[in-house]
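# Architecture at a glance
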Amino acid sequence: MAIRMTRQLTRQITRRDFAALAGGLLLSTKAAAQTETPLLTRPIPGSGERIPAVGLGTAYVFDENNETTRSKADAVVQALIKNGGRLIDTASTYGDAESVLGEVTATAGLRDKLFIATKLESLDSKELKRSLARLKTANVDLLQLHNVRSKQQSLQRFQEWKKQGVCRYVGITSTFRRDYPAVEAVLEREKPDFVQIDYSLDNRGAEKTILPLAAEIRAGVLTAVPFGNGRLFKAVHGKELPDWARVFANSWGQFFLKYLLGDPRVTAVIPGTGDPGHMADNAGAMRGPLPDPDQRRRMVEFIEAL
């Protein structure tokens, strides 16, 4: 519990402090112009269905099902939709996040406007029924097996649920480098529709093995912890966005997200936030140009030099 709270506070304080120093979200005339540009969507490789490239992660932000959290979640989900987003990623183990989202989306009648992904810890039908009940839905768009650790892990049960209409896509996840070999083995053998992996500008290990393999088997890629658990905002604390980066980003948040979206193998990024202003800023990464390969290399050099 202490570790979870520390992570949560690190995320919130880091971004809040940065926003105050940087003068809010760095919105400008250029940022306003970006809202007129086409929205970035990416195809799910296995089906061709297109989804908006920025979604919402819910780890550590909607843990407690109370009026304050539900109000916060409602504002964030509304900001996601208003700014062109659809994807929300949650899990059976994210505290009360599924329940909070279920109440918010059911009350406002938002289910059909959203692409809902959740994660189970095991191939347990009771856990699945609990998640669906908490989310107040008969099915989800993406059902993922959380934190794959075994190279022999089977997804047969998930595929059966997919055939039954419980979900439209199946996937696997991991945010632990030590488990990458297991992720690779399961990807290659089971060929899920999606893989969710930890990937950020200062954590690029997935580029070497997971992303190439995902492209090979035509799996969509969701990037977890795209801000590096707050490390990236700490690294640029008090610093101005460099002029060369303003060509494609209007804030540090967009800078970090657009590095990931600059890789066409990434289907969507799912930064977590409990702040509707930050959600709107994150969604801004779906507008305007993306960094080219030379600019992405320069972004890496910039971060590594801090």
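Residues numbered from 1 in each chain as written. Predicted model: local features only at pLDDT ≥ 70, side-chain atom pairs only at ≥ 80, totals over all residues. Heavy atoms only, no water.

### Side note on unusual backbone geometry
Negative phi is the rule for most residues except glycine; trans is the rule for most peptide bonds. Let me state the cut-off plainly: Put simply, DSSP marks the helices as runs of H or I at least four residues long and the strands as runs of E at least two long, and each gets a number from the N terminus on.
Although it is not a glycine, lysine 136 adopts a positive phi angle of roughly 55 degrees. Relative to the elements of secondary structure, lysine 136 occurs in the loop between helix H5 (125-135) and strand E6 (140-145). Of note in this structure, lysine 191 is not a glycine but carries a positive phi near 50 degrees. Of note, lysine 191 is situated in the loop between helix H7 (180-190) and strand E8 (194-198).

### Quick notes on the environment of leucine 40
Heads up, the condition is: Note on definitions: a residue-residue contact is assigned when non-hydrogen atoms from the two residues lie within 4.5 Å.
Counting through the fold element by element, leucine 40 comes out in the loop between helix H2 (29-34) and strand E1 (41-43). Along the chain, leucine 40 and proline 52 lie 12 residues apart, while their C-alpha atoms are 6.1 Å from each other. Apart from the residues within four sequence positions on either side, leucine 40 is in contact with Pro52, Ala53, Leu261, Met286 and Leu290.

### Topic: the pattern of salt bridges
Operational definition: Any carboxyl oxygen of Asp or Glu within 4 Å of a side-chain nitrogen of Lys or Arg constitutes a salt bridge here.
Under the definition given, this model contains 16 salt bridges. Across the salt bridge formed by arginine 204 and glutamate 304, the nearest N and O atoms sit 2.8 Å from each other. Here the residue arginine 204 occupies a position in the loop between E8 and helix H8 (210-217), and glutamate 304 occupies one in helix H12 (residues 293-304), the gap between them amounting to 100 residues. Each of Glu49, Arg111, Asp141 and Arg168 takes part in one network of salt bridges that share partners.

### A look at the pairing of strand E9 (residues 220-224)
To keep it simple, the criterion reads: Think of it in three bands: with a 1.4 Å probe and only protein chains considered, a residue is buried below 20% of the maximum accessible area for its type, exposed above 50%, and partly exposed in between. By definition, two strands form a pair when at least two bridges between them are found by DSSP.
Burial analysis of E9 places 5 of its 5 residues in the buried class, which makes it a mostly covered element. Burial of the side chains of E9 extends over both faces: Gly220, Leu222 and Ala224 are buried on one face and Val221 and Thr223 on the other. Direction of pairing for E8 relative to E9: parallel, over a ladder of 5 bridges. Residue pairing in the sheet places isoleucine 197 in a bridge with threonine 223 of E9.

### So, the nonpolar core
Formally: Here, nonpolar core means buried Ala, Val, Leu, Ile, Met, Phe, Trp, Tyr and Cys residues that are tied together by side-chain atoms lying within 4.5 Å of each other.
Within the largest apolar cluster, 80 residues are counted, with the highest numbers of intra-cluster contacts made by Phe62, Ile172, Leu201, Phe255 and Phe256. For this core, the element with the most residues is helix H10 (residues 252-261), which contributes 7 residues. Discounting residues that sit within four places of it in the chain, phenylalanine 62 has contacts with Leu56, Thr69, Lys72, Ala73, Val76, Tyr94, Asp96, Ala97, Val100, Leu101, Thr273 and Gly274. Ranked by size, the runner-up nonpolar core spans 11 residues in total, among them Ile44, Leu87, Leu222 and Ile270.

### A look at the pairing of strand E5 (residues 115-120)
Counted only if it meets this: Seen with the strands pointing away from the viewer, any crossover whose path from the first strand over the helix to the second strand runs clockwise is right-handed.
E5 sits mainly inside the fold: 6 of its 6 residues count as buried. Examined bridge by bridge, strand E4 (residues 87-89) and E5 share 3 bridges and lie parallel to one another. Residue pairing across strands places leucine 87 opposite phenylalanine 115, the latter belonging to E5. With helix H4 (residues 97-108) bridging E4 and its parallel neighbour E5, the resulting β-α-β unit is right-handed. Sheet analysis places E5 next to E6, joined by 4 bridges and oriented parallel. Bridging from a neighbouring strand, leucine 120 pairs with leucine 145 of E6. At this point the chain moves from E5, through H5, to the parallel E6, and the crossover so formed is right-handed.

### Structural notes on H5
Selection criterion: Read the arc as the range of directions from the helix axis to the C-beta atoms. Nitrogen and oxygen atoms within 3.5 Å of one another constitute a polar contact, given that in protein one can donate a hydrogen and the other can accept it, and given that sequence-neighbouring residues count only through two side-chain atoms.
Within the span of H5, buried status applies to Glu127, Leu128, Ser131, Leu132, Arg134 and Leu135. Seen along its axis, H5 keeps its buried residues to an arc of 165 degrees; they face one direction. Opposite the buried face of H5, at more than 90 degrees from it, the exposed residues are Lys126, Lys129 and Ala133. Considering only its buried residues, H5 is in contact with H4, E5, E6 and helix H6 (156-163). The N-cap residue of H5 is aspartate 124: its side-chain oxygen and the backbone nitrogen of lysine 126 are 2.9 Å apart. Residue lysine 136 follows H5 closely and has a positive phi angle near 55 degrees.

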